[in-house]
Amino acid sequence: MSLPKEPRQQMINMMYLVLMALLAMNVSKTLLKAFGLVDESLNTANATQQEKISNALNDISVTFERDSTKATVRNIYFTSKAISQYAKDIKDDIASLKEELITMSGGYDDGSSFEGVPMLVECKNSDFALQLLDVRGDGPILRNALNDTRKRWLETIAEMEDMEYGKDPDSTILNKAGVRIMDELPETVEVDGAQVPWHYNMVKGLPMAAVMPTLTQLESDLLSSEIEIL
């Protein structure tokens, strides 16, 4: 199920898809710079989403402090805390993975090589991500953590709607609640008639300049889902 997107987010996503298509044909300096710009835009949008989450939690906390005697208010307060806590670990894991890849790539330059856009020193490298996600095994762990967060959210939504996760279809639970969240990630995806691990397909052949916005998009999906539920 697709997540609701603001016009700015839709534009970023469309640009990202176009860039991915161009990437398959040629990795030029202009294309690398474009990926850097996409990552900057995604990070800015994510910061806005995080601010919305913080504001929502703050509003709920203020209401709870004013009248914590009401069962409904207490339920909303503690449920909102749980919703955000479920996502905290995986958001931290993605951030740590990105930091490690940044270090492996020599960090960001001063922007002088790409017309003012700070870029990873090893922005063309296409091995670092596979080393961590595939060889070291971080990919399956990342996928499982994302799916586990989604499951915990669905369990919470189902309980709020007097439904039963695992018995009622996910789509029915989400439709009744009126929210849309990130899709469950498959273990493998079909590529040219063969089954390829999800994480391998996500970064195979991509330079670091493209890997970073790919991971930032995962963060975006998490944040969009979290604010939807809250």
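Residues numbered from 1 in each chain as written. Predicted model: local features only at pLDDT ≥ 70, side-chain atom pairs only at ≥ 80, totals over all residues. Heavy atoms only, no water.

### So, the overall build of the protein
Next up, step 1: Scanning the protein for helices and strands turns up eight helices and two strands.
Next up, step 2: In the protein, the succession of α and β elements from N to C terminus is α-α-α-α-α-α-β-β-α-α.
Next up, step 3: For the protein, the proportion of its 230 residues judged to be buried stands at 43%.
Next up, step 4: For the protein, contacts bridging at least 24 residues in sequence account for 69% of all contacts bridging at least 6.
Next up, step 5: A total of about 12,300 Å² of accessible surface is found on the protein, and carbon and sulfur atoms cover 50% of it. (Helix = DSSP H or I, 4+ residues; strand = E, 2+ residues; numbered from the N terminus. Buried < 20%, exposed > 50% of the residue type's maximum accessible area, 1.4 Å probe, protein only. Contact = heavy atoms within 4.5 Å. Areas by Shrake-Rupley, 256 points an atom, 1.4 Å probe, with all protein chains shown as cover.)

### A short note on the packing of helix α2 (residues 29-66) against helix α3 (residues 71-104)
Next up, step 1: Interaxial distance between α2 and α3 falls to 10 Å at its minimum, and their mutual angle equals 155°. When the interaxial angle is binned, α2 and α3 end up roughly antiparallel. The interaxial crossing formed by α2 with α3 has left-handed handedness. Touching N43, Q50, I53, L57, I60, S61, T63 and F64 of α2 are V73, R74, I76, Y77, F78, S80, K81, S84, K91 and K98, all from α3.
Next up, step 2: Here the contact of α2 with α3 is built from residues that sort into eight nonpolar, six polar and four charged. (Axes fitted to C-alpha atoms, helices over the stretch in contact; angles between N-to-C directions. Parallel < 35°, antiparallel > 145°, perpendicular 65-115°, else oblique. Left-handed = near helix turned anticlockwise from the far one by under 90°. Nonpolar A, V, L, I, M, F, W, Y, C, P; charged D, E, K, R; others polar.)

### Thoughts on the packing of α2 against helix α8 (residues 208-229)
Next up, step 1: One can describe the packing of α2 onto α8 by two numbers: an axis separation of 9 Å at closest approach and a directional angle of 20°. One finds that α2 runs roughly parallel with respect to α8. When you trace α2 past α8, the crossing you get is left-handed. Residues L32, F35, V38, D39, L42, N43, N46, Q49, Q50, K52, I53 and A56 of α2 form the contact with α8, whose participating residues are A209, A210, M212, P213, T216, Q217, E219, S220, L223, S224, E226 and I227.

### A closer look at unusual backbone geometry
Next up, step 1: Notably, D162 is not glycine yet its phi reads approximately 55°, a positive angle.
Next up, step 2: Inspection of the secondary structure assignment puts D162 in the loop between α5 (138-160) and α6 (170-177).
Next up, step 3: Backbone geometry at D192 places phi at a positive 55°, although glycine is not the residue there.
Next up, step 4: Residue position: D192 is located in the loop between β1 (188-191) and β2 (194-197).

In short, geometric facts, not functional conclusions.
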